[in-house]
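# Fold and geometry: a report
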Amino acid sequence: MTRIGFLGLGHMGMPMAVNLMKAGHDVRGFDLVPAAIEAALAAGIPIAESAADAAAGVDVVITMFPAGKHVIEAYQGGLLAAARPDTLFIESSTIAVEEAQTAHALAVAAGHRNIDAPVSGGVVGAENGTLAFMVGGSEEDFATALPLLEAMGKRIVHCGGPGLGQAAKVCNNMILAVSQIAVAEAFVLGERLGLEHQALFDVVSQASGQCWSITTNCPVPGPVPTSPANRDYQPGFAGALMAKDLGLALQAIEGTGTDARMGMLAQQIYATFAAGDGAGRDFSGIITDIRDTSSADL
Ligand code: NAD
């Protein structure tokens, strides 16, 4: 049994904390928002009096915050100071590679251990304990964290040193964004050429254009009954989250001088999508924007 302070009990954090408790760990949580605390109490998670209180006297502190600035502020604002020496900090929010490396350096300078362990799999994966974890940090810290990550996830990959879990996450989501746009463009092009959705699906899903964006997240209703297109693009993975992740990808592209034109274009496309009605819709809903902005005369 590991004593765990779990900070950030939002959409992802709360079900993750519940799965740690189900695996027999001693969890106490904290969130800044009263509604999140109430929901966590209702789910049976004991709540600490403050973030510092949740971090004091535990073996492991897990953070699941909206963005990197929250992580750095919390680390510097008393979390690291409150923890016992050599506490393992598992940082699972999706943040910039540089921010993850800063968080790592702050934790180490304060006498602690730290890994970045961002996730994919969404709220459903968090509830079902089937998240994928991409981990950056030392072999030793990865080994300590592994049983806890296994209580919350199914696929856990050690990607390398500090920050490289976030690096893997940003690369994956850049591929995902570009491929989802490509699939949506192909369906709109097919429509305009007179091709049935099902026919295009039957070809592409078994051909070299095959990818998750068509076989699981097909952007038109019909061929994949569980895809968000069949429920008016209810997420799934919301446009706002994709736009956030592509902002982190852009930061990484610019920071490394990478010639990633498709990734940069995808960032612009999803920033526009999320600034309109796409923020709360599944990111495969980009197909409706592509239809709307395609030329009116055929
Ligand atoms: P959320 O906004 O629902 O939850 C974040 C919680 O952190 C909030 O309840 C907020 O009050 C709390 N918080 C912020 N600062 C805090 C502090 N100092 N102390 C205690 N609590 C604090 O967000 P979410 O959807 O749960 O996502 C969390 C992270 O996981 C994000 O970085 C997101 O990008 C990433 N992520 C989300 C999904 C998804 O589908 N929702 C999928 C993969 C990754």
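In case you missed it, the structure is sitting above this.
Residues numbered from 1 in each chain as written. Predicted model: local features only at pLDDT ≥ 70, side-chain atom pairs only at ≥ 80, totals over all residues. Heavy atoms only, no water.

## Digging into the site of the ligand
For the record, the criterion: Nearness of a residue to a molecule or strand requires only that one of the residue's heavy atoms be within 4 Å of it. Identification of polar contacts relies on pairs of N or O atoms within 3.5 Å, with a donor-acceptor requirement for protein atoms, meaning one able to donate a hydrogen and the other able to accept it, and with residues adjacent in sequence counted only if both atoms are side-chain atoms. Per-residue and other accessible areas follow the Shrake-Rupley method at a 1.4 Å probe size, with only the shown protein chains counted as cover for residues. Think of it as three bins: nonpolar holds Ala, Val, Leu, Ile, Met, Phe, Trp, Tyr, Cys and Pro, charged holds Asp, Glu, Lys and Arg, and polar takes everything else, Gly as well.
Residues in close proximity to the ligand total 19 residues, the closest being H11, M12, D31, F65 and K244. A distance of 3.0 Å separates an oxygen atom of the ligand from a polar backbone atom of P66. In this structure, an oxygen atom belonging to the ligand sits 2.9 Å away from a main-chain N or O atom of T94. Summarising the interface, the protein chains cover 86% of the accessible area of the ligand, which totals 820 Å² for the free molecule. The residue makeup of the shell around the ligand, split by class, is ten nonpolar, six polar and three charged.

## Considerations on the nonpolar core
Condition: Among buried residues, the Ala, Val, Leu, Ile, Met, Phe, Trp, Tyr and Cys ones that are joined through side-chain atoms within 4.5 Å form a nonpolar core. Three exposure classes are used, based on accessible area relative to the maximum for each residue type with a 1.4 Å probe and protein chains only: buried under 20%, partly exposed in between, and exposed over 50%. The helix count covers DSSP runs of H or I at least four residues long, the strand count covers runs of E at least two residues long, and both are numbered beginning at the N terminus. Contact between two residues is taken to exist if any of their heavy atoms lie within 4.5 Å; hydrogens are not considered.
By size, the foremost hydrophobic cluster in this structure holds 31 residues, and its most contacted members are F6, M16, L20, I90 and F133. Looking at this core, the elements that each hand over two or more residues are β1 (3-7), α1 (13-22), β3 (60-63), β4 (88-91), β7 (131-136) and α7 (139-152). Broken down by element, the residue count for this core peaks at six residues, all from α7. Apart from the residues within four sequence positions on either side, M16 is in contact with F6, M64, S92, V119, A126, L131, F133 and M152. Formed by 30 residues, the second largest nonpolar core is a distinct cluster that contains L200, V220, L246 and I290.

## Examining the pattern of salt bridges
Rules: For this document, the term salt bridge refers to a Lys or Arg side-chain nitrogen within 4 Å of an Asp or Glu carboxyl oxygen.
With the rule as written, the count across this model stands at seven salt bridges. The partner of D59 in a salt bridge is R3, with the nearest N and O atoms 3.0 Å apart. With D59 in the loop between α3 (51-55) and β3 and R3 in strand β1, this residue pair connects regions lying 56 residues apart in the sequence. Its relative accessible area of 31% is what places R3 among the partly exposed residues. A salt bridge links D53 to R28; its shortest N-O distance comes to 3.8 Å. In this pair, D53 is assigned in helix α3 and R28 in strand β2 (residues 26-30), connecting sequence segments 25 residues apart. With a relative accessible area of 29%, D53 lands in the partly exposed category. Look at R28 and you get partly exposed, because its relative accessible area is 26%.

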